[in-house]
Amino acid sequence: MATVRNSIGQDTIGQDTIAAVITPPGEGGVSIVRVSGPMAFSIADRCFHCAPPLPSQRLENTFVYGHVRSGNENIDEGILLMWRAPRSYTCEDVVELQCHGGVATATRVLRACLDAGARSADPGEFTRRAFLNGRIDLLQAEAIMDIVRAHSARAQAAAQQQLEGGLSRKFDAVYDALMLVAAQIEATLDFPEDELPESVPEKIRSEISSIQTQIQELLATWNEGHLLRDGAMVVLSGKPNVGKSTLLNALLGHDRAIVSDIPGTTRDSIEAEFVLDGVPLYLVDTAGLRESEDYVEREGINRTRKYMERADLHLHLIDMSQPADSESLEAFKALDPKKSILICNKTDLPRLFHVEQWPQVQRVEMALIEEKGVKELKKALKTLLSESIDLSARPHAVISERHRKVLESVEQEIQEVAGLIQTEDMEETLVLTIPALRDALKALGQVTGREYHEDLLDQVFSRFCIGK
Ligand SMILES: Nc1nc2c(ncn2[C@@H]2O[C@H](COP(=O)(O)OP(=O)(O)O)[C@@H](O)[C@H]2O)c(=O)[nH]1
Ligand SMILES: [Mg+2]
């Protein structure tokens, strides 16, 4: 493997230099091409012409105006920014070429860097290097992508907390506590039989139980993490013509779905994003549920059922100006009452649907044609969301699906350990806890990245975009 020296004279064996456009494609004020690795400065010397001295002779954390060049041709004018290892995003030598916006310029500037010896970066590769070089742990690396993907201020703030180490500290605390118990148990095994101090078994039991509590507290943040990262899917259901599309438009504040008095107008589902108190919601306006001969509408109805299975929250509408519809009420009763609101629409018209016939459920009266009831509905939605998210609390870091899977397996191992140490003659069973403790530590280490393998990193960084 080739040894290359970076700008501060460190040998960087086998480490190549990567480059990518790090701004989104499309029209904009500037595009930025980032180059990271031991050849970053020599590439800048070749591709960027500025007044002397050469980029590689300049101080770190500075910038210089000049021209990006390919051969003898000026491609663009722009600014070169410079960082030296290890004080950069990746902990490597990094240069960034700030050029004019637009896909064509960015592509040509990147091409010039590649021709000068860089390789195209893979998705997430800059952040992967920051992790491999020890600047951030895996939880912080994931937080960076969560920040980029955040759809609401609360989701962004939660990810920012994670980047600042809010979640890492909690996982580290569990890891350290577990490590300590494992060390205690191993030390205990060296005691001659019957000489184990009486206080030791009790201490181990109480430490294991405290670890279990910490794991449960972390697991309890999953629902919040899911809603903030993925958004809460709110599915609008009900018979055709009850006002679902009108409701979608009323919540969004603009006309997204076609509203018509012809039943079956919405034949496919429409998704739209909407933020309520910092929580991203995905509203899904469905085709509604009814028997239909129409193939397209039937397909729409099948999709409605699928959305309803995946929904985090349900808004089920009924038309109060029509006679009681027991079929629609039955459909509502089949939903989880903790996740559902019954919307009694068209209260501006004479009522044919009567109160006595209703089950005791969370419901909101609306006259959507007059935009009445929207405020009450938002309040009811917030009440349902507060089951999963404490909306009055400051945003804080919360676990993701990957962390949950690991924690659940750790929880099982610890459960096994807890079972083994409940026995009277603990000395005999203690030795049996060692493999479970080791497995638990190994799994926990994969959350922060103390333990990692290429597959784990591929899995984490494949979620990233190119340029991050
Ligand atoms: N009178 C009255 N009509 C409404 C109300 N809400 C919706 N509509 C009308 O009912 C019809 C069907 O509405 P739409 O939103 O397309 O129903 P969807 O099939 O459930 O999506 C349209 O003509 C709406 O203008 C309401 O509160 N009162
Ligand atoms: Mg509709």
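For the structure given in this document, a descriptive report is provided here.

About the thresholds
- One numbering rule holds for all chains: residues counted from 1, following each sequence as written.
- Working convention: letters from A go to chains and numbers from 1 go to ligands, in the order in which they are written.
- Selection of residues for local features in this predicted model requires a pLDDT of at least 70, selection of side-chain atom pairs for listing and counting requires 80 or more, and totals for whole chains, interfaces and linings are taken over all residues.
- The basis for every side-chain value is the complete set of non-hydrogen atoms in the structure, without hydrogens or water.
- Put simply, DSSP marks the helices as runs of H or I at least four residues long and the strands as runs of E at least two long, and each gets a number from the N terminus on.
- As defined in this context, the radius of gyration uses C-alpha atoms, and a globule is described by 2.2 Å times the residue total to the power 0.38.
- Burial status follows relative accessibility: with a 1.4 Å probe on protein chains alone, a residue under 20% of its type maximum counts as buried, one over 50% as exposed, and anything between as partly exposed.
- Contact criterion: two residues are considered in contact whenever any of their non-hydrogen atoms come within 4.5 Å of each other.
- Per-residue and other accessible areas follow the Shrake-Rupley method at a 1.4 Å probe size, with only the shown protein chains counted as cover for residues.
- Here, proximity means that at least one heavy atom of the residue falls within 4 Å of the molecule or strand.
- Pairs of N or O atoms are called polar contacts if they sit within 3.5 Å, as long as, within protein, a hydrogen donor faces a hydrogen acceptor (for residues adjacent in sequence, only side-chain-to-side-chain pairs).
- When residues are sorted by character, Ala, Val, Leu, Ile, Met, Phe, Trp, Tyr, Cys and Pro go into the nonpolar class, Asp, Glu, Lys and Arg into the charged class, and all the rest, Gly among them, into the polar class.
- Strands are treated as partners if at least two bridges between them are detected by DSSP.
- Axis angles are defined between N-to-C directions and span 0 to 180 degrees, where every axis is a line fitted to C-alpha atoms and, for a helix, only to the segment in contact.
- Classification of ring pairs rests on two measures: the distance between centres of Phe, Tyr or Trp rings, Trp counted by its six-membered ring, which must be within 6.5 Å, and the angle between planes, read as stacked under 30 degrees, edge-to-face over 60 and tilted in between.
- Two thresholds decide whether a charge sits over a ring: the Lys NZ or Arg CZ must be within 6 Å of the ring centre and within 35 degrees of the ring normal.

1. Remarks on the overall build of the protein chain
And then number 1: For the protein chain, the count of helices and strands is 15 helices and 15 strands.
And then number 2: For 468 residues, the compact-globule formula gives about 23 Å, and the C-alpha radius of gyration of the protein chain, at 29 Å, lies well above that figure.
And then number 3: In terms of overall dimensions, the protein chain has a C-alpha envelope of 85 × 85 × 40 Å along the principal axes.
And then number 4: Looking at the protein chain residue by residue over its 468 residues, the buried ones come to 49%.
And then number 5: At a minimum sequence separation of 6, the contacts of the protein chain that also span at least 24 residues come to 64%.
And then number 6: Surface exposure of the protein chain reaches about 23100 Å², of which carbon and sulfur atoms provide 50%.

2. Some points on the site of ligand 1
And then number 1: Taken together, the neighbourhood of ligand 1 is formed by 17 residues, with Asn241, Lys244, Thr246, Asp348 and Leu368 sitting nearest.
And then number 2: One of the backbone N or O atoms of Leu368 is found 2.8 Å from an oxygen atom in ligand 1.
And then number 3: Calculation on ligand 1 without its partners gives an accessible area of 580 Å², and the protein chains cover 88% of this total.
And then number 4: Per-element accounting of the shell around ligand 1 gives the leading share, three residues, to helix α9 (residues 244-252).
And then number 5: Taken together, the residues of the shell around ligand 1 break down into seven nonpolar, six polar and four charged.

3. Comments concerning the sheet that holds strand β13 (residues 313-319)
And then number 1: The mixed open sheet is built from six strands, whose spatial order is β11-β12-β10-β13-β14-β15. Either end of the sheet is taken by a strand with one partner, and the two such strands are β11 (270-276) and β15 (363-365). Adjacent strand axes in the sheet meet at a mean angle of 25 degrees, parallel and antiparallel pairs treated alike.
And then number 2: Of the strands in this sheet, β10 (232-237), β11, β12 (279-285), β13, β14 (340-345) and β15 are in contact with helix α12 (residues 374-385), which crosses β14 at around 170 degrees.

4. Considering the pairing of β11
And then number 1: With burial as the criterion, only one face of β11 is covered, namely that bearing Ile270, Ala272, Phe274 and Leu276; the residues Glu271, Glu273 and Val275 on the opposite face remain uncovered.
And then number 2: Looking at chain direction, β11 and β12 are connected through seven bridges and run antiparallel. Bridge pairing in β12 links Glu271 to Val284.
And then number 3: Joining the antiparallel neighbours β11 and β12 is a turn of two residues, in which Asp277 adopts a positive phi near 50 degrees.

5. Structural notes on the packing of aromatic side chains
And then number 1: All told, the structure shown has two aromatic pairs when counted by the stated rule.
And then number 2: With a centroid separation of 5.2 Å and 70 degrees between ring planes, the pair formed by Phe131 and Tyr452 is classed as edge-to-face. One end of the pair, Phe131, is in helix α3 (residues 125-132); the other, Tyr452, is in the loop between α14 (426-448) and α15 (454-461), with 321 residues separating them in the sequence.
And then number 3: Its relative accessible area of 7% is what places Phe131 among the buried residues.
And then number 4: Centroid distance Phe461 to Phe464: 5.0 Å. Interplanar angle 50 degrees. Geometry classified as tilted. This pair shows no difference in class: Phe461 is buried, exactly as Phe464 is.
And then number 5: For the cation-ring pair, Arg404 lies above Trp222, with the distance from its terminal atom to the ring centre recorded as 3.9 Å.
And then number 6: Lying across the ring of Tyr175, Arg450 places its NZ or CZ 3.8 Å from the centre.

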